[in-house]
Amino acid sequence: MAERRHFIRILYRTPAKIKQAQEEWSAEVCDLSLQGILLTCPPGWNPGHDKYYAVSFCLHDCDVELNMETQLVSQDDDYLRMQIHHIDIESASHLKRLVELNVGTDELLHRELEQLADLEKHLNE
């Protein structure tokens, strides 16, 4: 299968909450990027017909919580692959900083941000 990812994914393990309507599940973040997140499939996972979910998790060693609205892209018995549909500015800033600390160079980070801006532009056309 051809690789379709446009963004560098960073490994990041932390507990997460997934919410949809009145349902809530506990999962674990496996990796993330500026555009998406990979989560473990929670026990008792029984998604509704709506593909949109609220995902939240805290950064390690602090009380900063990232909140994002996501869309389920695919799932299997072990993992949920979600695209970030909307993220508040504070969470986006923390996510950008987390990626920045893990990509290694300013050049890679700027390329990631340019790809995100290009993707947003194409989605809004």
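Asker: How should I be thinking about the sheet that holds strand 3 (residues 36-40) in this particular structure?
Answerer: Hydrogen bonding along the main chain pairs the strands of a sheet, whether they run parallel or antiparallel. The strand order 1-2-3-6-5-4 describes a closed barrel built from six strands, whose pairing is antiparallel. Within the sheet, the average angular offset between the axes of one strand and its neighbour, ignoring direction, is 45°. Of the strand pairs in this sheet, strand 1 (residues 10-20) and strand 2 (residues 23-32) are connected by nine bridges, and their pairing is antiparallel. Across the sheet, the residue bridging to Lys19 is Glu24, located in strand 2.

Asker: Can you walk me through the pattern of salt bridges in this structure?
Answerer: According to the stated counting rule, one finds five salt bridges in the structure shown. Measuring nitrogen to oxygen at the nearest pair gives 3.7 Å for the salt bridge that ties Arg13 to Glu28. Of this pair, Arg13 sits in strand 1 while Glu28 sits in strand 2, and the two are 15 residues apart along the sequence. Residue Arg13 is classed as partly exposed on the basis of its relative accessible area of 46%. Looking at Glu28, the relative accessible area reads 28%, which means it is partly exposed. With a shortest N-O distance of 3.5 Å, Asp76 and Arg81 are connected by a salt bridge.

Asker: Please clarify how unusual backbone geometry should be interpreted in this entry.
Answerer: Glycine aside, residues mostly have negative phi angles, and peptide bonds mostly take the trans form. The phi angle at Ala21 is positive, at roughly 50°, despite the residue not being glycine. The residue Ala21 is located in the loop between strand 1 and strand 2 in this model. With relative accessibility at 76%, the residue Ala21 sits in the exposed group. The residue Asp61 is not glycine, and still its phi comes out positive at about 60°. The residue Asp61 is located in the loop between strand 4 (52-58) and strand 5 (65-75) in this model. In this structure Asp61 comes out as exposed when scored by relative accessible area, which is 84%.

Rules and cut-offs
- Residues numbered from 1 in each chain as written.
- Predicted model: local features only at pLDDT ≥ 70, side-chain atom pairs only at ≥ 80, totals over all residues.
- Heavy atoms only, no water.
- Pairing = 2+ DSSP bridges.
- Helix = DSSP H or I, 4+ residues; strand = E, 2+ residues; numbered from the N terminus.
- Axes fitted to C-alpha atoms, helices over the stretch in contact; angles between N-to-C directions.
- Salt bridge = Lys/Arg side-chain N within 4 Å of Asp/Glu carboxyl O.
- Buried < 20%, exposed > 50% of the residue type's maximum accessible area, 1.4 Å probe, protein only.

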